[in-house]
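So you can see what is in the structure, the chains are spelled out below.
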Amino acid sequence: MKKKHVIIPVFVPHKGCPHECIFCNQKRISGQIEEVTAEKISSTVESYLLKAPRGAFIEIAFYGGSFTGIKKEEQFSLLEVAYNYLKDGKVNSIRLSTRPDYINEEILEYLKEYNVGTIELGAQSFDEDVLYLSCRGHSADDIITSSLLIKQYGFNLGIQTMIGLPGDSREKDIYTAEKTIALKPEIVRIYPTLVIRGTYLEELYKKSEYVPLNLEEAVEICSELLEMYKSNGINVIRIGLQPTENISMDGDVIAGPFHPAFRQLVESRAILKKIENVIVREKFEGKNELIIRTGAKNVSYVVGQKRGNINHLRNSLGFKKVMLNVDKDLDDEIFIYKSDGNCWVEV
Ligand code: SF4
(Lines give C-alpha, C1' and ligand atoms only; values in the text may rest on other atoms or scores of the structure.)
Protein backbone atom coordinates (compact mmCIF):
# COMPACT_ATOMS: atom_id res chain seq x y z
CA MET A 1 0.00 0.00 0.00
CA LYS A 2 1.15 3.54 -0.81
CA LYS A 3 2.61 5.38 2.21
CA LYS A 4 0.61 8.34 3.47
CA HIS A 5 2.38 11.59 2.61
CA VAL A 6 2.27 14.21 5.36
CA ILE A 7 3.40 17.72 4.46
CA ILE A 8 4.33 20.06 7.29
CA PRO A 9 3.91 23.53 5.79
CA VAL A 10 6.12 26.33 7.04
CA PHE A 11 5.16 29.66 5.50
CA VAL A 12 8.18 31.91 5.05
CA PRO A 13 7.07 35.45 4.25
CA HIS A 14 9.52 36.92 1.81
CA LYS A 15 9.72 40.41 3.19
CA GLY A 16 12.75 41.45 1.26
CA CYS A 17 11.43 40.47 -2.16
CA PRO A 18 12.51 43.24 -4.52
CA HIS A 19 10.08 42.09 -7.21
CA GLU A 20 6.53 43.12 -7.82
CA CYS A 21 4.95 40.32 -9.79
CA ILE A 22 1.65 41.55 -11.08
CA PHE A 23 -0.41 38.78 -9.46
CA CYS A 24 1.30 38.73 -6.04
CA ASN A 25 0.16 40.62 -2.98
CA GLN A 26 3.25 39.90 -0.90
CA LYS A 27 3.85 43.63 -0.29
CA ARG A 28 0.41 43.79 1.21
CA ILE A 29 0.58 40.62 3.23
CA SER A 30 4.22 40.79 4.36
CA GLY A 31 3.39 43.11 7.24
CA GLN A 32 0.59 40.83 8.40
CA ILE A 33 2.31 37.48 8.42
CA GLU A 34 4.04 36.51 11.61
CA GLU A 35 7.79 36.14 11.49
CA VAL A 36 8.86 32.51 11.25
CA THR A 37 11.44 31.50 13.84
CA ALA A 38 13.27 28.27 14.65
CA GLU A 39 11.05 27.85 17.74
CA LYS A 40 7.87 28.25 15.72
CA ILE A 41 9.02 25.70 13.16
CA SER A 42 9.79 23.21 15.94
CA SER A 43 6.38 23.64 17.53
CA THR A 44 4.64 23.28 14.13
CA VAL A 45 6.64 20.14 13.33
CA GLU A 46 5.97 18.64 16.78
CA SER A 47 2.22 19.18 16.45
CA TYR A 48 2.18 17.50 13.02
CA LEU A 49 4.33 14.61 14.24
CA LEU A 50 1.85 13.91 17.03
CA LYS A 51 -0.96 13.46 14.49
CA ALA A 52 1.01 11.76 11.69
CA PRO A 53 0.00 8.15 10.96
CA ARG A 54 2.66 5.52 11.69
CA GLY A 55 4.97 4.85 8.77
CA ALA A 56 3.91 8.01 6.90
CA PHE A 57 6.34 9.81 4.60
CA ILE A 58 6.80 13.16 6.33
CA GLU A 59 8.08 16.24 4.58
CA ILE A 60 8.82 19.74 5.88
CA ALA A 61 7.90 22.24 3.15
CA PHE A 62 9.04 25.85 3.18
CA TYR A 63 6.34 27.68 1.25
CA GLY A 64 5.76 31.28 0.27
CA GLY A 65 7.95 33.71 -1.58
CA SER A 66 11.45 32.73 -2.56
CA PHE A 67 13.34 30.83 0.10
CA THR A 68 16.81 31.28 -1.38
CA GLY A 69 16.22 35.03 -1.69
CA ILE A 70 15.99 35.62 2.05
CA LYS A 71 19.10 36.44 4.10
CA LYS A 72 21.52 33.53 4.16
CA GLU A 73 21.78 33.41 7.98
CA GLU A 74 18.00 33.23 8.17
CA GLN A 75 17.90 30.43 5.60
CA PHE A 76 20.53 28.50 7.56
CA SER A 77 18.70 28.83 10.86
CA LEU A 78 15.43 27.57 9.31
CA LEU A 79 17.12 24.76 7.42
CA GLU A 80 19.00 23.72 10.57
CA VAL A 81 15.73 22.97 12.39
CA ALA A 82 14.40 20.89 9.51
CA TYR A 83 17.75 19.12 9.07
CA ASN A 84 17.83 18.09 12.76
CA TYR A 85 14.43 16.41 12.40
CA LEU A 86 15.70 14.68 9.27
CA LYS A 87 18.87 13.49 11.05
CA ASP A 88 16.78 12.12 13.93
CA GLY A 89 14.69 10.16 11.44
CA LYS A 90 11.51 11.98 12.48
CA VAL A 91 10.94 13.46 9.03
CA ASN A 92 11.88 12.03 5.65
CA SER A 93 12.40 15.02 3.41
CA ILE A 94 12.71 18.81 3.09
CA ARG A 95 11.32 20.84 0.23
CA LEU A 96 11.34 24.53 -0.58
CA SER A 97 10.20 26.90 -3.31
CA THR A 98 12.10 29.73 -4.93
CA ARG A 99 12.58 31.84 -8.07
CA PRO A 100 14.56 30.60 -11.10
CA ASP A 101 17.03 33.48 -10.81
CA TYR A 102 17.72 32.71 -7.14
CA ILE A 103 19.49 29.46 -7.94
CA ASN A 104 23.20 29.04 -8.50
CA GLU A 105 25.88 26.50 -7.67
CA GLU A 106 26.76 28.05 -4.32
CA ILE A 107 23.11 27.95 -3.22
CA LEU A 108 22.68 24.36 -4.38
CA GLU A 109 25.86 23.37 -2.50
CA TYR A 110 24.48 24.48 0.84
CA LEU A 111 20.98 23.13 0.13
CA LYS A 112 22.66 19.75 -0.49
CA GLU A 113 24.43 19.99 2.86
CA TYR A 114 21.08 20.46 4.56
CA ASN A 115 19.74 17.46 2.65
CA VAL A 116 16.96 19.38 0.90
CA GLY A 117 15.19 16.87 -1.36
CA THR A 118 12.96 18.96 -3.63
CA ILE A 119 13.29 22.46 -5.05
CA GLU A 120 10.21 23.98 -6.64
CA LEU A 121 10.68 26.83 -9.08
CA GLY A 122 8.06 29.49 -9.66
CA ALA A 123 8.41 29.51 -13.44
CA GLN A 124 4.88 30.67 -14.35
CA SER A 125 5.47 30.76 -18.13
CA PHE A 126 8.12 30.13 -20.77
CA ASP A 127 6.80 32.95 -22.93
CA GLU A 128 9.01 36.05 -22.66
CA ASP A 129 6.11 38.47 -23.22
CA VAL A 130 4.03 36.87 -20.49
CA LEU A 131 7.00 36.98 -18.11
CA TYR A 132 7.61 40.63 -18.98
CA LEU A 133 3.97 41.70 -18.71
CA SER A 134 3.73 39.90 -15.35
CA CYS A 135 6.81 41.82 -14.11
CA ARG A 136 8.54 38.58 -13.19
CA GLY A 137 12.04 39.97 -13.67
CA HIS A 138 13.50 36.71 -15.01
CA SER A 139 13.67 35.12 -18.42
CA ALA A 140 12.65 31.73 -19.80
CA ASP A 141 16.37 30.95 -20.08
CA ASP A 142 16.71 31.48 -16.31
CA ILE A 143 14.09 28.73 -15.80
CA ILE A 144 15.96 26.34 -18.08
CA THR A 145 19.41 27.06 -16.60
CA SER A 146 18.26 26.73 -13.00
CA SER A 147 16.20 23.60 -13.69
CA LEU A 148 19.13 21.86 -15.36
CA LEU A 149 21.40 22.82 -12.48
CA ILE A 150 18.89 21.54 -9.91
CA LYS A 151 18.68 18.20 -11.74
CA GLN A 152 22.45 18.05 -12.15
CA TYR A 153 22.84 18.39 -8.37
CA GLY A 154 20.43 15.51 -7.85
CA PHE A 155 17.47 17.38 -6.32
CA ASN A 156 13.89 16.59 -7.26
CA LEU A 157 12.65 19.40 -9.47
CA GLY A 158 9.23 21.00 -9.16
CA ILE A 159 7.91 23.56 -11.62
CA GLN A 160 5.03 25.88 -10.91
CA THR A 161 3.21 27.34 -13.90
CA MET A 162 0.30 29.76 -14.30
CA ILE A 163 -2.30 30.18 -17.00
CA GLY A 164 -4.26 33.30 -17.88
CA LEU A 165 -1.55 35.86 -17.07
CA PRO A 166 -1.55 39.09 -19.13
CA GLY A 167 -0.52 38.33 -22.72
CA ASP A 168 -1.09 34.60 -22.24
CA SER A 169 -3.04 32.27 -24.54
CA ARG A 170 -3.91 28.58 -24.77
CA GLU A 171 -1.10 28.11 -27.32
CA LYS A 172 1.40 29.72 -24.94
CA ASP A 173 0.19 27.49 -22.10
CA ILE A 174 0.77 24.43 -24.26
CA TYR A 175 4.21 25.74 -25.23
CA THR A 176 4.99 26.26 -21.53
CA ALA A 177 3.87 22.70 -20.77
CA GLU A 178 6.07 21.34 -23.60
CA LYS A 179 9.10 23.24 -22.32
CA THR A 180 8.34 22.09 -18.78
CA ILE A 181 8.03 18.44 -19.85
CA ALA A 182 11.38 18.69 -21.65
CA LEU A 183 13.01 19.57 -18.29
CA LYS A 184 11.67 16.33 -16.78
CA PRO A 185 10.47 17.74 -13.45
CA GLU A 186 9.29 15.27 -10.82
CA ILE A 187 6.34 17.49 -9.91
CA VAL A 188 4.31 20.29 -11.48
CA ARG A 189 1.72 22.74 -10.19
CA ILE A 190 -0.73 24.60 -12.42
CA TYR A 191 -2.39 27.75 -11.14
CA PRO A 192 -5.03 29.66 -13.10
CA THR A 193 -4.43 33.37 -12.50
CA LEU A 194 -6.81 34.91 -9.99
CA VAL A 195 -7.18 38.62 -9.38
CA ILE A 196 -6.18 38.94 -5.73
CA ARG A 197 -6.93 41.98 -3.64
CA GLY A 198 -4.01 44.35 -3.27
CA THR A 199 -2.20 43.35 -6.46
CA TYR A 200 -1.30 45.39 -9.52
CA LEU A 201 -3.49 42.98 -11.46
CA GLU A 202 -6.46 44.21 -9.44
CA GLU A 203 -5.77 47.75 -10.67
CA LEU A 204 -5.54 46.57 -14.28
CA TYR A 205 -8.72 44.56 -13.87
CA LYS A 206 -10.58 47.53 -12.43
CA LYS A 207 -9.42 49.68 -15.36
CA SER A 208 -10.64 46.90 -17.71
CA GLU A 209 -7.07 46.42 -18.92
CA TYR A 210 -6.98 42.81 -17.81
CA VAL A 211 -9.66 40.21 -18.42
CA PRO A 212 -9.25 36.99 -16.44
CA LEU A 213 -10.07 33.59 -17.88
CA ASN A 214 -13.54 32.39 -17.05
CA LEU A 215 -14.00 29.09 -15.22
CA GLU A 216 -14.89 27.14 -18.35
CA GLU A 217 -11.79 28.37 -20.23
CA ALA A 218 -9.52 27.60 -17.30
CA VAL A 219 -10.95 24.09 -16.84
CA GLU A 220 -10.61 23.37 -20.56
CA ILE A 221 -6.96 24.50 -20.78
CA CYS A 222 -5.97 22.80 -17.53
CA SER A 223 -7.52 19.50 -18.65
CA GLU A 224 -5.37 19.63 -21.77
CA LEU A 225 -2.22 20.42 -19.77
CA LEU A 226 -3.03 17.71 -17.21
CA GLU A 227 -3.19 15.08 -19.94
CA MET A 228 0.12 16.29 -21.41
CA TYR A 229 1.85 15.92 -18.04
CA LYS A 230 0.18 12.61 -17.19
CA SER A 231 1.11 11.07 -20.52
CA ASN A 232 4.72 12.06 -19.86
CA GLY A 233 4.69 10.48 -16.40
CA ILE A 234 4.87 13.83 -14.56
CA ASN A 235 3.00 14.14 -11.29
CA VAL A 236 0.75 17.22 -11.21
CA ILE A 237 0.52 17.76 -7.47
CA ARG A 238 -1.79 20.77 -7.54
CA ILE A 239 -4.18 22.45 -9.94
CA GLY A 240 -5.66 25.71 -8.67
CA LEU A 241 -5.06 27.58 -5.45
CA GLN A 242 -6.14 25.82 -2.30
CA PRO A 243 -9.34 27.41 -1.00
CA THR A 244 -8.80 29.08 2.37
CA GLU A 245 -10.59 31.78 4.30
CA ASN A 246 -8.72 34.38 2.21
CA ILE A 247 -8.62 32.47 -1.07
CA SER A 248 -12.34 32.53 -1.70
CA MET A 249 -14.79 34.77 -3.50
CA ASP A 250 -15.81 36.16 -0.08
CA GLY A 251 -12.17 36.79 0.76
CA ASP A 252 -9.34 38.21 -1.30
CA VAL A 253 -10.29 36.80 -4.71
CA ILE A 254 -11.68 39.73 -6.69
CA ALA A 255 -12.17 37.89 -9.99
CA GLY A 256 -10.96 34.93 -12.01
CA PRO A 257 -11.64 31.23 -12.42
CA PHE A 258 -11.88 30.29 -8.76
CA HIS A 259 -13.70 27.12 -7.74
CA PRO A 260 -13.27 25.30 -4.42
CA ALA A 261 -13.07 21.95 -6.25
CA PHE A 262 -11.15 23.17 -9.28
CA ARG A 263 -9.03 20.04 -9.63
CA GLN A 264 -12.07 17.81 -9.67
CA LEU A 265 -13.54 19.88 -12.51
CA VAL A 266 -10.29 19.51 -14.45
CA GLU A 267 -9.93 15.75 -13.84
CA SER A 268 -13.56 15.22 -14.87
CA ARG A 269 -13.12 17.26 -18.03
CA ALA A 270 -9.98 15.34 -18.98
CA ILE A 271 -11.85 12.04 -18.57
CA LEU A 272 -14.84 13.31 -20.57
CA LYS A 273 -12.56 14.28 -23.45
CA LYS A 274 -10.92 10.84 -23.44
CA ILE A 275 -14.32 9.13 -23.45
CA GLU A 276 -15.52 11.39 -26.27
CA ASN A 277 -12.43 10.63 -28.34
CA VAL A 278 -13.00 6.89 -28.06
CA ILE A 279 -16.71 7.29 -28.84
CA VAL A 280 -15.81 9.08 -32.07
CA ARG A 281 -12.93 6.76 -32.93
CA GLU A 282 -14.96 3.61 -32.35
CA LYS A 283 -18.08 5.09 -33.97
CA PHE A 284 -20.29 4.71 -30.85
CA GLU A 285 -22.38 7.77 -31.67
CA GLY A 286 -26.04 7.15 -32.35
CA LYS A 287 -26.15 4.07 -30.10
CA ASN A 288 -28.84 3.96 -27.43
CA GLU A 289 -26.75 3.17 -24.43
CA LEU A 290 -23.26 3.64 -23.20
CA ILE A 291 -21.70 1.49 -20.48
CA ILE A 292 -18.61 2.83 -18.73
CA ARG A 293 -16.54 0.57 -16.47
CA THR A 294 -14.02 1.97 -13.98
CA GLY A 295 -12.68 1.65 -10.42
CA ALA A 296 -14.58 3.02 -7.41
CA LYS A 297 -12.19 5.88 -6.74
CA ASN A 298 -12.66 7.17 -10.29
CA VAL A 299 -16.46 7.23 -10.28
CA SER A 300 -16.90 10.84 -9.16
CA TYR A 301 -14.51 12.06 -11.87
CA VAL A 302 -16.32 10.02 -14.54
CA VAL A 303 -19.73 11.27 -13.43
CA GLY A 304 -18.55 14.89 -13.08
CA GLN A 305 -19.80 17.65 -10.79
CA LYS A 306 -23.60 17.75 -10.73
CA ARG A 307 -23.48 14.75 -13.12
CA GLY A 308 -22.07 17.11 -15.76
CA ASN A 309 -20.25 14.42 -17.76
CA ILE A 310 -23.21 12.04 -17.81
CA ASN A 311 -25.54 14.84 -18.87
CA HIS A 312 -23.14 15.89 -21.62
CA LEU A 313 -22.90 12.32 -22.94
CA ARG A 314 -26.68 12.13 -23.00
CA ASN A 315 -27.50 15.58 -24.31
CA SER A 316 -24.66 16.23 -26.71
CA LEU A 317 -23.82 12.76 -27.90
CA GLY A 318 -27.35 11.42 -27.90
CA PHE A 319 -27.06 8.37 -25.61
CA LYS A 320 -30.45 7.65 -24.05
CA LYS A 321 -28.85 5.70 -21.22
CA VAL A 322 -25.39 6.04 -19.70
CA MET A 323 -24.58 3.29 -17.22
CA LEU A 324 -21.67 2.96 -14.84
CA ASN A 325 -20.14 -0.39 -14.07
CA VAL A 326 -17.90 -0.14 -10.97
CA ASP A 327 -15.18 -2.76 -11.00
CA LYS A 328 -13.31 -3.39 -7.75
CA ASP A 329 -10.34 -4.75 -9.68
CA LEU A 330 -9.85 -1.48 -11.52
CA ASP A 331 -8.09 1.64 -10.31
CA ASP A 332 -8.35 4.67 -12.60
CA GLU A 333 -8.57 2.72 -15.85
CA ILE A 334 -11.73 3.35 -17.88
CA PHE A 335 -13.36 1.07 -20.45
CA ILE A 336 -16.46 1.59 -22.54
CA TYR A 337 -18.54 -1.28 -23.85
CA LYS A 338 -18.78 -1.85 -27.56
CA SER A 339 -21.99 -3.85 -27.96
CA ASP A 340 -21.60 -4.71 -31.64
CA GLY A 341 -18.12 -6.10 -31.00
CA ASN A 342 -19.08 -7.50 -27.57
CA CYS A 343 -15.90 -6.13 -26.08
CA TRP A 344 -14.61 -3.43 -23.75
CA VAL A 345 -12.55 -0.66 -25.28
CA GLU A 346 -10.01 1.10 -23.04
CA VAL A 347 -10.32 4.87 -22.90
S1 SF4 B 1 5.56 36.06 -6.68
FE2 SF4 B 1 7.45 35.75 -5.52
S3 SF4 B 1 9.00 36.90 -6.63
FE4 SF4 B 1 7.01 37.70 -7.30
S5 SF4 B 1 6.60 39.43 -5.94
FE6 SF4 B 1 5.64 37.64 -5.03
S7 SF4 B 1 7.18 36.86 -3.59
FE8 SF4 B 1 8.25 38.25 -5.00
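Residues numbered from 1 in each chain as written. Predicted model: local features only at pLDDT ≥ 70, side-chain atom pairs only at ≥ 80, totals over all residues.

(A) Broad picture of the site of the ligand. Inspection of the region around the ligand gives 11 residues, with Cys17, His19, Cys21, Cys24 and Gly65 positioned closest. Class assignment of the residues belonging to the shell around the ligand gives a composition of 3 nonpolar, 6 polar and 2 charged. (Near = placed C-beta within 6 Å. Nonpolar A, V, L, I, M, F, W, Y, C, P; charged D, E, K, R; others polar.)

(B) Representation of the domain arrangement of the chain in the model. Per the domain assignment, the segments of the chain are domain 1 (5-260) and domain 2 (282-346). Each of domain 1 and domain 2 was reduced to a C-alpha centroid, and the two centroids are 36 Å apart. (Domains from an automatic or database assignment.)

(C) Highlighting the packing of helix α7 (residues 170-182) against helix α9 (residues 215-231). Here α7 crosses α9 at 20°, and the two axes come no closer than 10 Å. When the axes of α7 and α9 are compared, the pair comes out roughly parallel. When the axes of α7 and α9 are compared, the crossing they make is right-handed. For the pair α7 and α9, contact is made by Arg170, Asp173, Ile174, Ala177 and Ile181 and by Ile221, Glu224, Leu225, Met228 and Tyr229, respectively. (Axes fitted to C-alpha atoms, helices over the stretch in contact; angles between N-to-C directions. Helix = DSSP H or I, 4+ residues; strand = E, 2+ residues; numbered from the N terminus. Parallel < 35°, antiparallel > 145°, perpendicular 65-115°, else oblique. Left-handed = near helix turned anticlockwise from the far one by under 90°. Contact = placed C-beta atoms within 7 Å.)

(D) Seen up close, the pairing of strand β10 (residues 289-294). Only one face of β10 is covered, namely the one carrying Leu290, Ile292 and Thr294; the face carrying Glu289, Ile291 and Arg293 has none of its residues buried. Sheet topology places β10 next to strand β11 (residues 321-326); 6 bridges connect them, and they run parallel. Residue pairing for β11: Arg293 is matched across the bridge by Asn325. (Buried ≥ 20, exposed ≤ 12 C-beta atoms within 10 Å, placed from the backbone. Pairing = 2+ DSSP bridges.)

(E) Just the packing of helix α10 (residues 262-281) against helix α12 (residues 308-315), in detail. Where α10 contacts α12, the two axes come as close as 10 Å, and the packing angle between them is 30°. By the angle class used here, α10 and α12 are roughly parallel. Two packed elements cross with a definite hand, and for α10 against α12 that hand is right-handed. Seen from α10, the contacting residues are Ser268, Ile271 and Leu272; seen from α12, they are Gly308, Asn309 and His312. Residues of the contact of α10 with α12, tallied by class, amount to 2 nonpolar, 4 polar and no charged.

(F) Expanded view of the sheet that holds strand β4 (residues 118-124). Spatial ordering of the open sheet is given by β1-β2-β3-β4-β5-β6-β8, a layout of 7 strands whose pairing is parallel. Looking at strand neighbours, the two that pair on one side only are β1 (5-11) and β8 (235-239), the edges of this open sheet. Here the average twist between neighbouring strands, direction ignored, is 20°. Taken together, the 4 bridges between strand β6 (residues 187-192) and β8 define a ladder with parallel strand orientation. Bridging from a neighbouring strand, Ile187 pairs with Asn235 of β8. Helix α6 (residues 140-152) rests against β4 and β5 (156-163) of the sheet, and its axis sits at about 170° to β4.

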